[in-house]
Amino acid sequence: MATLNQFNSFTSGLGHTDLMPALFMGHGSPMNGIEINEFSTKWAEIASIIPIPQAVLVISAHWFTRGTKITAMDSPPTIHDFGGFPQALFDVQYPAPGNPALAKETADLLHSTNVTLDHDWGLDHGAWSVIKHMYPEANIPVLQLSIDYTKDARYHYELAKELSALRKKGVLNLGSGNMVHNLRMVSWDMIKGGGYDWALDMDDKFKNLIKNKDHQPLINYQSMGSSAMLAIPTPEHYLPLMYTLGLQNENENATLFNDKAIGGSLTMTSVMIA
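This structure is a prediction, so every number in the text was calculated from the model and none was measured.

Student: Before we go on, may I ask you to explain the sheet that holds strand E8 (residues 171-177) in this structure?
Tutor: Sheets are built from strands paired through backbone hydrogen bonds, the pairs being either parallel or antiparallel. One open sheet holds the 6 strands; their spatial order is E6-E2-E8-E1-E12-E9, and the pairing between them is mixed. At either end of the open sheet lies a strand with only one pairing partner, and these are strand E6 (142-144) and strand E9 (254-257). Neighbouring strand axes in the sheet, compared pairwise and without regard to direction, differ in orientation by 20° on average. Looking at chain direction, strand E2 (residues 55-60) and E6 are connected through 3 bridges and run parallel. Looking at the pairing, Val58 lines up with Gln144 of E6.

Student: Can you walk me through the confidence of the model for the protein in this structure?
Tutor: Chain-level pLDDT for the protein is 94 on average; 94% of the residues reach the 70-or-more range. In this model, residues 9-17 is a region of pLDDT below 50 whose contacts with residues beyond four sequence positions or in other chains number 3 contacts.

Student: Just to check I follow, could you spell out the pattern of salt bridges for this structure?
Tutor: One side chain can pair with another of opposite charge once the charged atoms of both are near each other. Counted according to the given criterion, the structure contains 9 salt bridges. The closest approach of N and O atoms between Glu105 and Lys169, which form a salt bridge, is 2.4 Å. Linking Glu105 in helix H4 (residues 100-109) with Lys169 in the loop between helix H7 (164-167) and E8, this pair joins segments that are 64 residues apart in sequence. Taking relative accessible area as the criterion, Glu105 reaches 29% and is therefore assigned partly exposed. Connected via shared salt-bridge partners are Asp203, Asp204, Lys207 and Asp259.

Student: What is the right way to read the layout of surface pockets from this model?
Tutor: It is the rolling of a water-molecule-sized probe over the atoms that shows where space remains empty. Taken as a whole, the largest pocket encloses approximately 640 Å³ of empty space. Together, 25 residues line the largest pocket, and Gly28, Ser29, Asn32, Ile191 and Ile262 are the ones closest to its centre. Looking at the lining of the largest pocket residue by residue, the class counts come to 11 nonpolar, 10 polar and 4 charged.

Thresholds applied
Residues numbered from 1 in each chain as written. Predicted model: local features only at pLDDT ≥ 70, side-chain atom pairs only at ≥ 80, totals over all residues. Heavy atoms only, no water. Pairing = 2+ DSSP bridges. Helix = DSSP H or I, 4+ residues; strand = E, 2+ residues; numbered from the N terminus. Axes fitted to C-alpha atoms, helices over the stretch in contact; angles between N-to-C directions. pLDDT = per-residue confidence, 0-100. Contact = heavy atoms within 4.5 Å. Salt bridge = Lys/Arg side-chain N within 4 Å of Asp/Glu carboxyl O. Buried < 20%, exposed > 50% of the residue type's maximum accessible area, 1.4 Å probe, protein only. 1 Å grid on protein atoms, 1.4 Å probe; cavity = no way out; pocket = protein on both sides within 12 Å on 5 of 7 lines; lining within 4 Å. Points joined across faces, edges and corners; volume = space filled by probe spheres on them. Nonpolar A, V, L, I, M, F, W, Y, C, P; charged D, E, K, R; others polar.

This is the structure in structure tokens:
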């Protein structure tokens, strides 16, 4: 598996006609949106070593809908979809522009479903908490594509393939969730770092499968045993990974970063495909 230094050397030679990388970001707590820590620092580093995108298309765990929608407004609002956090987090505004024309183009690419052009959502914390560290000037258009909760992982993996043309046009596809995400079992004693045995075991299995480009077990995660069900008690934080892996070509490799378990039952493990 490539290291970030190796990836940096590789991306230095990318031309404007090359495919944009595809990312899966473990976004963790909304507080990462305003904290400068090991995770947010790495998000900024990633942005510094990949080509500057023409736009960012985010698939966030926090926009879970019946059917598929895409934000299509000129100025998507900043959504504070959480509670119980400091006022400073609610004060954050990330005024990145939208791109209605790109939203329509993206909707037209998705032949396997009818996509609704949405003017009511915006950028939830799964999007802005990460992207504000990557592109703090908020000068790159950002769109969100919702996750259809009526569909399984295979559907989302295959749907992602229909987005591949966007990579040729400089669009950064970014899935935002967490591979292991079980809030009901969080241990505050391990909030700074550490994982239950089952969480570490599943994270290792996920990483090995990603390294080996063996996506079928990841698609069929329900068949990976009881530890997988603890790691993914509900699918919304896992499914964004399908939108990253589904874009991987045979000659592309995966780079892992922010590879850390926190709170016992969460992992921040993130993936770059290029």
